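Chain by chain, the residues:
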There are 2 protein chains.
Amino acid sequence: MATVEELKLRVRELENELIKCKQKQCAMEDAQSLELHRPKIEKMSAEVVDSNPYSRLMALKRMGIVDDYELLLFDYDKVELANMNRLFFQPHQAGLSKVEAAEHTLRNINPDVSFETHNYNITTMENFTHFMDRIRHGGMEEGKPVDLVLSCVDNFEARMAINKACNELGQIWMESGVSENAVSGHIQLIIPGETACFACAPPLVVAANIDEKTLKREGVCAASLPTTMGVVAGILVQNVLKYLLKFGTVSYYLGYNAMQDFFPTMAMKANPQCNDRHCREQQEEYKKREAERPKVEVVQEEEEVVHEDNEWGIELVSEVTDAELQAATGDRPDLPEGITVAYTIPAESSPSGDTVEDTEQSLEELMARMKKL
Amino acid sequence: MATVEELKLRVRELENELIKCKQKQCAMEDAQSLELHRPKIEKMSAEVVDSNPYSRLMALKRMGIVDDYELLLFDYDKVELANMNRLFFQPHQAGLSKVEAAEHTLRNINPDVSFETHNYNITTMENFTHFMDRIRHGGMEEGKPVDLVLSCVDNFEARMAINKACNELGQIWMESGVSENAVSGHIQLIIPGETACFACAPPLVVAANIDEKTLKREGVCAASLPTTMGVVAGILVQNVLKYLLKFGTVSYYLGYNAMQDFFPTMAMKANPQCNDRHCREQQEEYKKREAERPKVEVVQEEEEVVHEDNEWGIELVSEVTDAELQAATGDRPDLPEGITVAYTIPAESSPSGDTVEDTEQSLEELMARMKKL
């Protein structure tokens, strides 16, 4: 039987071991949290030191600097091991929602950014209403609209939902996409009422120049190349920076054909006979604004008219005529080399100018039509 | 004074607490190691399930699949917080060598890749010798040369070292770069003896079209935009895939002007009066190989001669004449729109064809000359 002295000794031993164990646990927790975070920064500094996370961006101060960053993320999907070949997710994040995993990684890299994440499918009625509300009221200054909407989705329904929301709200957005064969992609700037929306004409894609049959098969999941996605993501966010910071020429449409390293560009006006009622309304408002704008005197005959309120210095070069666009349901518009339409809409189902259905219905119909194709 | 019973109770309590603490510690350790690794995969599977890390790449099987991946990384630098705006490093890696941090992240994403890292400056004599040895003997099959060398550096000395090594070894490589103003970049394929090497002519860069003075100042560190770097990295690795997997058209030179979204391309033959002795030797060997090649009968008059051993299907379209290239020291060659030379070499210091110095010396001289500029 243990004596009191022996027991006291044992208690001291155990207490010491427990303290050590708890210390180690704390150290592990500290290490984890230290490793994973840098503190927030009160004010961006331009100081030229390697420990300044903003030094490389502030060197571009004269080109303009984004004052504050806020990111609203919408995605219904979960991280899978199959995403590792191209996305910035890591294996230990498999199973998390993509928005949650993205927020975690991005907040870790830059704790100065504000995040708002929504793990839902924007195409269902209830979520769509909420999605639209966040575009309208979720800007940096809460209650104001966001600056820009980026579409980085892989299906027609989601694009049409974004298009519908942005047309109704008059929200400028940029669309992006990569072809199913993974070797081409595009970005597109859509200004409701001014440039062609996603419903104005069949979506434009980069001509493939390869035999699709050798690449696509039933039951095979979509291919993806990190390189093509990286280039398309790069030109998309470059276009965003040029638009928000007002430098360079913002592209209306920029395609990428990876097989030939060919990058076609173009611009397309909105279609007066667009199926989306809100697009047509935006076109009317755009026309009114244009008519009310003070006329700019042309000093040199050769000089082009510069739009005074065109504050980000882009130029609308419509290479596709209204007539071509009006004929886009059924026929292919005359597009620049390297660009083609994703599909043509059968002529018999194109609505006449006078009896256009309610937008909601058109969207449903288009979706149904797409599924049949 | 505590009784034996009280002490026994205390011992049991402490034992239980200690067990819990150790269990928690183990769980934390397990979580860490589980989180950070997926097991190696014996054989790449094309199975269409989201848990298969290769499913999205294997969907492109008909375009070719890299059988095995090996990465040799050379870099002397350390991870800094200032890198976070554009590289895939994370804040907790600040202070690690870049090669170590890169290997850790990449191995974590894909444990099936082999890595060999060298944390040194390739331009010092001793390291250069080791660097050359690893190019010559560090291929997938140990002892054989590597398939391709990629240059992703930010200075002239490092590029000249890679150029010198690849000329001596007849090693095909790809060069890449981003301008100091961060809004343009390029990639270039160099086949020793066949296409212009880095010493054949002043390096080609994309014309800036912006006032450099508004962007560059003394004492300001180089700007960097993640977007420009992302696009250049994307087109570089896309070119690598096209070259290694033999699909599409491999680009000899592809520029990127982010301000105008302009992507000029070109090709340039090797310069018979190149300063690098090994480049001139490679040109002689290339000529011999071309002369010894069995002649291909031209069936149709209009058809171009196809090089039989041109196994990756690229076509050498030299848009710059030999005369222009020979005149490149001093004068600017007649380059396609959007491409310009980084500098011109003063005519008085260009060596005559007969008395070219030893390559080693030329490199030193060029470096000295560059520093004076």
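Just so it is clear, the model here is predicted, and its values are computed rather than measured.

Asker: Just to check I follow, could you spell out the side chain of Ser176(B) for this structure?
Answerer: All names here are of chain B. Looking at the element boundaries, serine 176 is found in strand β4 (residues 173-178). A distance of 2.8 Å separates a polar atom in the side chain of serine 176 from the backbone oxygen of serine 151. Those residues in contact with serine 176 that lie beyond four places of it in its chain are Ser151, Cys152, Val153, Arg159, His186, Ile187, Val232 and Leu236.

Asker: So what exactly am I meant to see when it comes to the packing of helix α6 (residues 226-245) of chain A against helix α6 (residues 226-245) of chain B here?
Answerer: Angle between the axes and distance between the axes: these two values describe a pair of packed helices. At a minimum axis separation of 8 Å, α6(A) and α6(B) run at an interaxial angle of 160°. It follows that α6(A) is roughly antiparallel to α6(B) by the angle criterion. α6(B) is crossed by α6(A), and the crossing has left-handed handedness. In this structure, α6(A) contributes Thr227(A), Thr228(A), Gly230(A), Val231(A), Gly234(A), Ile235(A), Val237(A), Gln238(A) and Leu241(A) to the contact, and α6(B) contributes Thr227(B), Thr228(B), Gly230(B), Val231(B), Gly234(B), Ile235(B), Val237(B), Gln238(B) and Leu241(B). For the contact of α6(A) with α6(B), the class distribution of residues is eight nonpolar, 10 polar and no charged.

Asker: Would you explain the packing of aromatic side chains in this entry?
Answerer: For any pair of aromatic rings, the description consists of the separation of the ring centres together with the inter-plane angle of the planes. Scanning all chains against the criterion turns up 11 aromatic pairs over all chains. Ring geometry for Phe263(A) against Phe263(B): centres 3.5 Å apart, planes inclined by 5°, an arrangement best described as stacked. Of this pair, Phe263(A) sits in the loop between β7 (253-257) and β8 (265-266) while Phe263(B) sits in the loop between β7 (253-257) and β8 (265-266), placing the two residues on different chains. Where Tyr256(B) meets Phe263(B), the ring centres are 5.1 Å apart and the plane angle is 20°; that geometry is what we call stacked.

Asker: Help me out: how do you make sense of the sheet that holds strand β5 (residues 184-190) of chain A in this one?
Answerer: In a beta sheet, neighbouring strands pair by backbone hydrogen bonds and run either parallel or antiparallel. Residue and element names in this part refer to chain A. If you trace the five strands from one edge of the open sheet to the other, you get β3-β4-β5-β7-β8, paired in mixed fashion. Edge positions in the sheet fall to β3 (149-151) and β8, since each of these pairs with one other strand and no more. In this structure, β7 lies alongside β8, joined through two bridges in antiparallel fashion. The partner of tyrosine 253 across the bridge, within β8, is methionine 266.

Asker: Would you mind showing me how to read the nonpolar core here?
Answerer: One recurring pattern in soluble globular proteins is that nonpolar side chains are buried together. Formed by 52 residues in total, the largest nonpolar core has its most connected members in Met174(A), Leu189(A), Phe247(A), Phe263(A), Met174(B), Leu189(B) and Phe263(B). At the level of secondary structure, the elements contributing two or more residues to this core comprise β5, α6 and β7 of chain A together with β5 (184-190), α6 and β7 of chain B. Setting aside chain neighbours within four positions, we find Phe263(B) in contact with Ile235(A), Leu254(A), Phe263(A), Leu254(B), Gly255(B) and Tyr256(B). Ile135(A), Phe156(A), Met160(A) and Ala199(A) belong to the second largest nonpolar core, which has 34 residues in total.

Asker: What am I meant to see in unusual backbone geometry here?
Answerer: Negative phi is the rule for most residues except glycine; trans is the rule for most peptide bonds. Residue and element names in this part refer to chain A. A positive phi angle, close to 60°, is found at lysine 246, a residue other than glycine. With respect to the element layout, lysine 246 can be found in the loop between α6 and β7. The class of lysine 246 is partly exposed, set by a relative accessible area of 43%. For aspartate 261, which is not glycine, the phi torsion reads 50° and is therefore positive.

Asker: Before we go on, may I ask you to explain the sheet that holds β4(B) in this structure?
Answerer: Residues and elements named next belong to chain B. If you walk across this open sheet you meet the five strands as β3-β4-β5-β7-β8, and the pairing is mixed. Whereas interior strands pair on both sides, the edge strands pair on one side only; in this sheet they are β3 (149-151) and β8. Where β3 meets β4, three bridges bridge the pair, whose relative direction is parallel. When the bridges of β4 are listed, valine 149 appears paired with tryptophan 173. On the sheet, helix α5 (residues 156-169) packs against β3 and β4 and is oriented at approximately 170° with respect to β4.

Asker: How should I be thinking about the pattern of salt bridges in this particular structure?
Answerer: Two side chains bearing opposite charge may form a pair once their charged atoms approach each other closely. Using the criterion set out here, one finds 23 salt bridges over all chains in the structure. The partner of Arg10(B) in a salt bridge is Glu15(A), and the shortest N-O contact between them spans 3.2 Å. Highlighted residues: Arg10(B) in helix α1 (residues 4-36) and Glu15(A) in helix α1 (residues 4-36), drawn from two different chains. Of the charged contacts in the structure, one is a salt bridge between Lys22(A) and Glu17(B), with a shortest N-O distance of 3.2 Å. With Lys22(A) in helix α1 and Glu17(B) in helix α1, this pair bridges two chains. One continuous salt-bridge network, built from bridges that share partners, spans Arg10(A), Glu13(A) and Glu15(B).

Asker: Even after reading the chapter, I still don't get the state of the cysteines, so can you show me in this structure?
Answerer: By definition, a disulfide links the sulfur atoms of two cysteine residues through a covalent bond. For the coordinates displayed, the defined rule picks out one disulfide over all chains. Through a disulfide, Cys21(A) is tied to Cys21(B); the S-S separation comes to 2.1 Å. Here Cys21(A) and Cys21(B) share a disulfide; its torsion about the S-S bond, -105°, makes the bridge left-handed. With Cys21(A) in helix α1 and Cys21(B) in helix α1, this pair bridges two chains. Cys21(B) carries the same exposure label as Cys21(A), and that label is buried. Not engaged in a disulfide, the cysteine Cys274(B) finds its nearest cysteine sulfur in Cys197(B); these two sulfurs lie 3.8 Å apart. Note on Cys279(B): no disulfide assigned, nearest cysteine sulfur contributed by Cys200(B) at a separation of 3.6 Å. Among the residues examined, Cys279(B) registers a relative accessible area of 0% and is labelled buried.

Asker: Sorry if this is basic, but what is going on with α6(B) here?
Answerer: Along an α-helix, residues three or four positions apart point the same way, because every turn accommodates 3.6 residues. Residues and elements named next belong to chain B. For α6, built from 20 residues, the straight-helix expectation of 28 Å at 1.5 Å per residue is met to within 8% by its first-to-last C-alpha distance of 27 Å. Here α6 lies mainly inside the structure; 14 of its 20 residues are buried. Positive phi shows up at lysine 246, right after α6, with a value of about 60°.

Asker: Teacher, can you tell me more about the packing of helix α5 (residues 156-169) of chain A against helix α7 (residues 277-292) of chain A here?
Answerer: All names here are of chain A. Running from N to C, α5 and α7 cross one another at 35°; their axes reach a closest spacing of 8 Å. Here the hand of the crossing between α5 and α7 comes out left-handed. In this structure, α5 uses Asn167, Glu168 and Leu169 to contact α7, whose residues at the interface are His278, Cys279 and Gln282. Among the residues forming the contact of α5 with α7, the class breakdown is two nonpolar, three polar and one charged.

Asker: So what exactly am I meant to see when it comes to the environment of Glu337(A) here?
Answerer: All names here are of chain A. Structurally, glutamate 337 can be placed in the loop between α8 (322-326) and β9 (339-341). Accessibility expressed as a relative area gives 67% for glutamate 337, which makes it exposed. Between the C-alpha atoms of glutamate 337 and lysine 287, which are 50 residues apart in sequence, the distance is 30 Å. Beyond its immediate sequence surroundings of up to four residues, glutamate 337 is in contact with Phe262 and Pro264.

Asker: Hey, could you run me through the pairing of β4(B) in this one?
Answerer: Residue and element names in this part refer to chain B. Where burial is concerned, most of β4 is hidden: five out of the six residues are buried. As for the winding sense of the linkage, the β-α-β connection from β3 through α5 to β4 is right-handed. Sheet topology places β4 next to β5; six bridges connect them, and they run antiparallel. Following the sheet pairing, methionine 174 is matched in β5 by leucine 189. As consecutive antiparallel partners, β4 and β5 are separated by five residues, and within that stretch alanine 182 has a phi angle of approximately 70°, a positive value.

The rules behind these values
- Residues numbered from 1 in each chain as written.
- Chains lettered and ligands numbered in written order.
- Predicted model: local features only at pLDDT ≥ 70, side-chain atom pairs only at ≥ 80, totals over all residues.
- Heavy atoms only, no water.
- Helix = DSSP H or I, 4+ residues; strand = E, 2+ residues; numbered from the N terminus.
- Polar contact = N/O pair within 3.5 Å; in protein donor to acceptor, adjacent residues only side chain to side chain.
- Contact = heavy atoms within 4.5 Å.
- Axes fitted to C-alpha atoms, helices over the stretch in contact; angles between N-to-C directions.
- Parallel < 35°, antiparallel > 145°, perpendicular 65-115°, else oblique.
- Left-handed = near helix turned anticlockwise from the far one by under 90°.
- Nonpolar A, V, L, I, M, F, W, Y, C, P; charged D, E, K, R; others polar.
- Phe/Tyr/Trp six-rings, centres within 6.5 Å; stacked < 30°, edge-to-face > 60°.
- Pairing = 2+ DSSP bridges.
- Core = buried A, V, L, I, M, F, W, Y, C linked by side-chain atoms within 4.5 Å.
- Buried < 20%, exposed > 50% of the residue type's maximum accessible area, 1.4 Å probe, protein only.
- Salt bridge = Lys/Arg side-chain N within 4 Å of Asp/Glu carboxyl O.
- Disulfide = S-S within 2.5 Å.
- Expected span 1.5 Å × (residues − 1).
- Right-handed = clockwise from strand over helix to strand, strands pointing away.

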